[in-house]
Amino acid sequence: MNSAGAPVIEVCGLTKRYPGVLAVDDVDLSVHAGQIYALLGLNGAGKTTLIRILLGMIAPTGGSARVLGAAVSAGQRSAWARTGYLVEAPAAYPELTVRENLHLYARLRRLQHPGQHVEDIIERLALTAYAARRARTLSMGNLQRLVLAKALIHSPDLLILDEPVNGLDPAGVVEIRALLTGLAREHGTTVLISSHLLAEVARLNGRIAILHQGRLLAEHDATSLDQHRHRHLHVCTRDDATAGRVLRDHGYHPEPGLLLADARALARPEEVAAILIEAGVPLTELRPVEEDLEAYFLRIVGADHA
Ligand code: ATP
């Protein structure tokens, strides 16, 4: 058992080098009990590699990691009994039904009363209508649900999910979000999730780590993310050239598109309006614009020209 207050996942200087690629580059992070922690990154950022190291599937080149109080090393599976995971493409026994697949996993997990666990998880993951269907006939989204059910069947303390909402329709994405936030809030389950779906990660309301080219570039909770987001006042007029000149004359610094990031413009937009009206420049709109997570992410990873 990990002692009270100790991180559920603790990663120090973790590095994984493949020939010609630094997949994980000196990453430090901690995930605490009951937290939802999202690894956010573009394709190839290193998310899956980091998760595979945490699950003991591959060995790091350097650094260390502890999961549920135990040091992680390749092939060392002591934390697995209390961990549920979904990594790699969703897979199930194609000729078995959903219910039969779950019975098999319940037995592999050596659960007492496996039938009860199976029926509970079928209901929680909205698989009731598909319980008697062979896995090979499931849609991608329902197969993903089945694999999630498998990860959750033993009520793990820690859930590690690599891109869990891939293949789900919008209703499925909402369901999984509710499931994860409910697990964290009501059962104290710790959730580590990787995703490239920025809006989805923002809605999980957990901690967000931005991973790019193997490096952890930034780490935020909802409050600190808010503080780092760029904000502008978007000034819309019928004569932008004159409006820009007038605003510069009054000490503002309009950016292309008549965006004002000056603190006093953001704090007192009515003054901007008054100045422009005074100068006879027709104002059609004055709108605060807040950088969303997607724009923030692209700026941080230096891809905002894309
Ligand atoms: P995706 O969202 O596409 O799954 P990811 O963030 O999970 O991306 P990884 O799969 O961890 O990224 O890959 C990180 C880098 O390591 C990539 O450049 C990838 O090509 C490389 N890589 C991953 N596994 C191997 C391997 N077994 N051998 C060589 N290079 C690898």
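Shown above is the structure to which this text applies.
Every value quoted in this text rests on a predicted model; they were computed, and no experiment measured them.

Surveying the vicinity of the ligand reveals the residues Tyr18, Val21, Ala23, Leu42, Asn43, Gly44, Ala45, Gly46, Lys47, Thr48, Thr49 and Glu163. Between the ligand and Thr48 there is a distance of 2.6 Å, counted from an oxygen atom to a side-chain nitrogen or oxygen. Computed on the free molecule, the ligand has an accessible area of 640 Å², of which 60% lies beneath the protein chains in the complex. Within the shell around the ligand, the residues separate by chemical class into 5 nonpolar, 5 polar and 2 charged.

Between helix α2 (residues 98-108) and helix α3 (residues 114-124), the least distance of the axes is 9 Å, while the angle of their chain directions is 130°. When the axis of α2 is compared with that of α3, the two are oblique. Considering only the axes of α2 and α3, their crossing is right-handed. Contact residues: Arg99, Leu102, His103 and Ala106 in α2; Pro114, Gly115, Val118, Glu119, Ile121 and Ile122 in α3. Looking at the contact of α2 with α3, its residues break down into 6 nonpolar, 2 polar and 2 charged.

Right, let's talk about the pairing of strand β9 (residues 207-212) for a bit. Of all the 6 residues making up β9, 5 are buried; the element is thus mostly covered by neighbouring parts of the structure. Where β9 meets strand β10 (residues 215-220), 5 bridges bridge the pair, whose relative direction is antiparallel. Bridging from a neighbouring strand, Ala209 pairs with Glu219 of β10. Here β9 hands over to β10 after 2 residues, with Gln213 in that stretch at a positive phi of 50°.

The interhelical angle for the contact between α2 and helix α4 (residues 140-152), taken along N-to-C directions, is 25°, at an axis separation of 10 Å. Between α2 and α4, the crossing angle belongs to the class labelled roughly parallel. Regarding α2 and α4, the two cross each other, and that crossing is right-handed. Of the residues in α4, those in contact with Val98, Asn101, Leu102 and Tyr105 of α2 are Leu146, Ala149 and Lys150.

Now for the nonpolar core. By size, the foremost hydrophobic cluster in this structure holds 48 residues, and its most contacted members are Leu40, Leu102, Leu125, Leu159 and Leu180. At 7 residues, α4 tops the list of elements feeding residues into this core. If we skip the residues at most four places from it in the chain, Leu159 touches Gly84, Ala151, Leu152, Leu180, Leu183, Thr189, Thr190, Val191 and Leu192. Among the nonpolar cores identified, the runner-up in size contains 28 residues, and Leu29, Leu39, Val72 and Ala209 belong to it.

The next subject is the pattern of salt bridges. When their charged atoms lie close together, side chains carrying opposite charge are able to pair. Enumeration over the complete set of coordinates arrives at 14 salt bridges. Between Arg82 and Asp157 there is a salt bridge, with the nearest N and O atoms lying 2.8 Å from each other. Note that Arg82 is positioned in the loop between β5 (70-71) and β6 (83-86) and Asp157 in the loop between α4 and β7 (158-162), a separation of 75 residues in sequence. Judged by its relative accessible area of 35%, Asp157 is partly exposed. For Arg207, the salt bridge identified is with Glu219, shortest N-O distance 3.7 Å. Here Arg207 is found in strand β9, whereas its partner Glu219 is found in strand β10, with 12 residues between them in sequence. Classification of Arg207 by relative accessible area gives partly exposed; the value is 23%. Take Glu219: its relative accessible area is 29%, and that puts it in the partly exposed class. A single network of salt bridges, built from pairs that share partners, joins Glu95, Arg134 and Arg136.

Calculation notes
Residues numbered from 1 in each chain as written. Predicted model: local features only at pLDDT ≥ 70, side-chain atom pairs only at ≥ 80, totals over all residues. Heavy atoms only, no water. Near = heavy atom within 4 Å. Polar contact = N/O pair within 3.5 Å; in protein donor to acceptor, adjacent residues only side chain to side chain. Areas by Shrake-Rupley, 256 points an atom, 1.4 Å probe, with all protein chains shown as cover. Nonpolar A, V, L, I, M, F, W, Y, C, P; charged D, E, K, R; others polar. Axes fitted to C-alpha atoms, helices over the stretch in contact; angles between N-to-C directions. Helix = DSSP H or I, 4+ residues; strand = E, 2+ residues; numbered from the N terminus. Parallel < 35°, antiparallel > 145°, perpendicular 65-115°, else oblique. Left-handed = near helix turned anticlockwise from the far one by under 90°. Contact = heavy atoms within 4.5 Å. Buried < 20%, exposed > 50% of the residue type's maximum accessible area, 1.4 Å probe, protein only. Pairing = 2+ DSSP bridges. Core = buried A, V, L, I, M, F, W, Y, C linked by side-chain atoms within 4.5 Å. Salt bridge = Lys/Arg side-chain N within 4 Å of Asp/Glu carboxyl O.

Bear in mind that shape data such as this cannot, by itself, settle questions of function.
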